[in-house]
Amino acid sequence: MLTVNILIDFETAAMSERAAILSIGAVPFVLPSDDVDTTCQTNGMTSKLSRDVRGLLPFSAVINATSCIMSGMEFDQNTVDWWSRQSEDSKAQFSGEGSEVKNIEQAFLSLIAYIRDIKTLLDCDICIWTQGSDFDIPKLRYCCTRIAEIPENQLPWRYNAVRDARTYVLEGLALLFGRKPVKEAYKDILPAPNSETLVTHDVLSDCYKSIWSVTQVNTMLMKSMRERKE
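Residues numbered from 1 in each chain as written. Predicted model: local features only at pLDDT ≥ 70, side-chain atom pairs only at ≥ 80, totals over all residues. Heavy atoms only, no water.

**Q** How should the overall build of the chain be read in this particular structure?
**A** A tally of helices and strands in the chain yields 8 helices and 8 strands. Viewed in the frame of its principal axes, the chain has a C-alpha envelope of about 60 × 50 × 30 Å. When the 230 residues of the chain are sorted by exposure, 43% land in the buried category. In the chain, the proportion of contacts linking residues at least 24 apart, taken out of those at least 6 apart, comes to 75%. (Helix = DSSP H or I, 4+ residues; strand = E, 2+ residues; numbered from the N terminus. Buried < 20%, exposed > 50% of the residue type's maximum accessible area, 1.4 Å probe, protein only. Contact = heavy atoms within 4.5 Å.)

Printed below as a string of structure tokens:
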């Protein structure tokens, strides 16, 4: 069955487990190693779909700060001060232009509805990716199950269908080029062709950056495996 990966990213107002979430981004993608045509059953009709899902729109939402406070989430002054020093382009994501401002519960209900729609439309499995395993994934699970009150067994992905993009990229690069410091390792990945349009610390831009790194490493690993077989 087709697997659609979804890269999810949060921008937050603290670094703690209960950090208030300022914005959410989610972008679907398919790994190059899975990029083949597949026959898919949708609405009773069989059609040929490419595993390239770039036609699917991303998801983004800006979170109402008051709703985070009322849900017991934390704002850290050092993090708030750090945001005040970021570029106007990165802070523009919080204006609500292009993304509806939602309370924290509505935002996660909308995120889960978005993922379910993809799962239904493409009759596919879902795999969730985040940049790191110790921050975004626990927050995703907590906000879905405790704040949005969605039972864990009703989330549209299996418990074992969660991946850490950072680990995948760094371990893949270590296999290909040897282990290096993190910043040096990432230099072995070609710059994204649209890198000049991506905004640092913008939730959707960060999703696209992570997807680019994951797919490039996946491509390089496939090439390395083919060369070893020859």
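**Q** Please explain the packing of helix H4 (residues 104-122) against helix H5 (residues 136-147) as it appears in this structure.
**A** The description of two helices packed together rests on the angle between their axes and the distance between the axes. Between H4 and H5, the least distance of the axes is 10 Å, while the angle of their chain directions is 105°. One element, H4, and the other, H5, form an angle in the roughly perpendicular class. Between H4, through Ile104, Glu105, Phe108, Leu111 and Ile112, and H5, the contact on the second element is made entirely by Leu140, Cys143, Cys144 and Ile147. Here the contact of H4 with H5 is composed, by residue class, of 8 nonpolar, no polar and 1 charged. (Axes fitted to C-alpha atoms, helices over the stretch in contact; angles between N-to-C directions. Parallel < 35°, antiparallel > 145°, perpendicular 65-115°, else oblique. Nonpolar A, V, L, I, M, F, W, Y, C, P; charged D, E, K, R; others polar.)

**Q** Looking at this structure, how should I read the pattern of salt bridges?
**A** Side-chain pairs of opposite charge can arise where the charged atoms are in close proximity. All chains considered together, the criterion is met by 6 salt bridges. In this structure, arginine 141 and glutamate 152 form a salt bridge, with 2.8 Å as the shortest nitrogen-oxygen distance. Here glutamate 152 lies in the loop between H5 and strand S8 (162-164) and arginine 141 lies in helix H5, a separation of 11 residues in the sequence. Under the relative-accessibility criterion, glutamate 152 is labelled partly exposed at 44%. Arginine 179 is the salt-bridge partner of glutamate 171, the closest N and O atoms lying 3.0 Å from each other. By relative accessible area, glutamate 171 is classed as partly exposed at 37%. (Salt bridge = Lys/Arg side-chain N within 4 Å of Asp/Glu carboxyl O.)

**Q** Please clarify how the nonpolar core should be interpreted in this entry.
**A** Soluble, globular proteins show a tendency: their nonpolar side chains are buried together. Counting 40 residues, the largest nonpolar core has Phe108 and Leu140 as the members making the most contacts within it. Among the secondary structure elements, those contributing two or more residues to this core are strand S1 (3-12), strand S2 (21-29), strand S5 (59-63), H4, strand S7 (125-130) and H5. Broken down by element, this core gets its largest block of residues, 9 residues, from H4. Leave out the neighbours within four places in its chain, and leucine 140 touches Ile8, Phe10, Phe108, Leu111, Ile128 and Trp157. (Core = buried A, V, L, I, M, F, W, Y, C linked by side-chain atoms within 4.5 Å.)

**Q** I'm lost on the pairing of S5 in this one. Help?
**A** A regular strand places its side chains so that they alternate between the two faces of the sheet. Most of S5 is tucked away: 4 of the 5 residues are buried. Relative to S5, S2 is paired through 4 bridges, and the arrangement is antiparallel. Looking at the pairing, glycine 25 lines up with serine 60 of S5. With 2 bridges connecting them, S5 and strand S6 (residues 101-102) associate as parallel partners. In the sheet register, valine 62 faces S6, and the bridge partner there is valine 101. (Pairing = 2+ DSSP bridges.)

**Q** I would appreciate a short explanation of the packing of aromatic side chains in the present structure.
**A** We describe a pair of aromatic rings using the distance from one ring centre to the other and the angle between the two ring planes. Applying the stated criterion across every chain, the model contains 6 aromatic pairs. Residues phenylalanine 59 and tyrosine 114 carry aromatic rings whose centres are separated by 5.5 Å and whose planes lie at 40° to one another, so their mutual orientation is tilted. Of this pair, phenylalanine 59 sits in strand S5 while tyrosine 114 sits in helix H4, and the two are 55 residues apart along the sequence. Residue classification places tyrosine 114 among the buried positions, given a relative accessible area of 14%. On the numbers, 5.0 Å between centres and 75° between planes, the contact of tryptophan 82 with tryptophan 83 is edge-to-face. By relative accessible area, tryptophan 83 is classed as buried at 7%. The side chain of lysine 139 reaches across the aromatic face of phenylalanine 135, ending 5.8 Å from its centre. (Phe/Tyr/Trp six-rings, centres within 6.5 Å; stacked < 30°, edge-to-face > 60°. Lys NZ or Arg CZ within 6 Å of the ring centre and 35° of its normal.)

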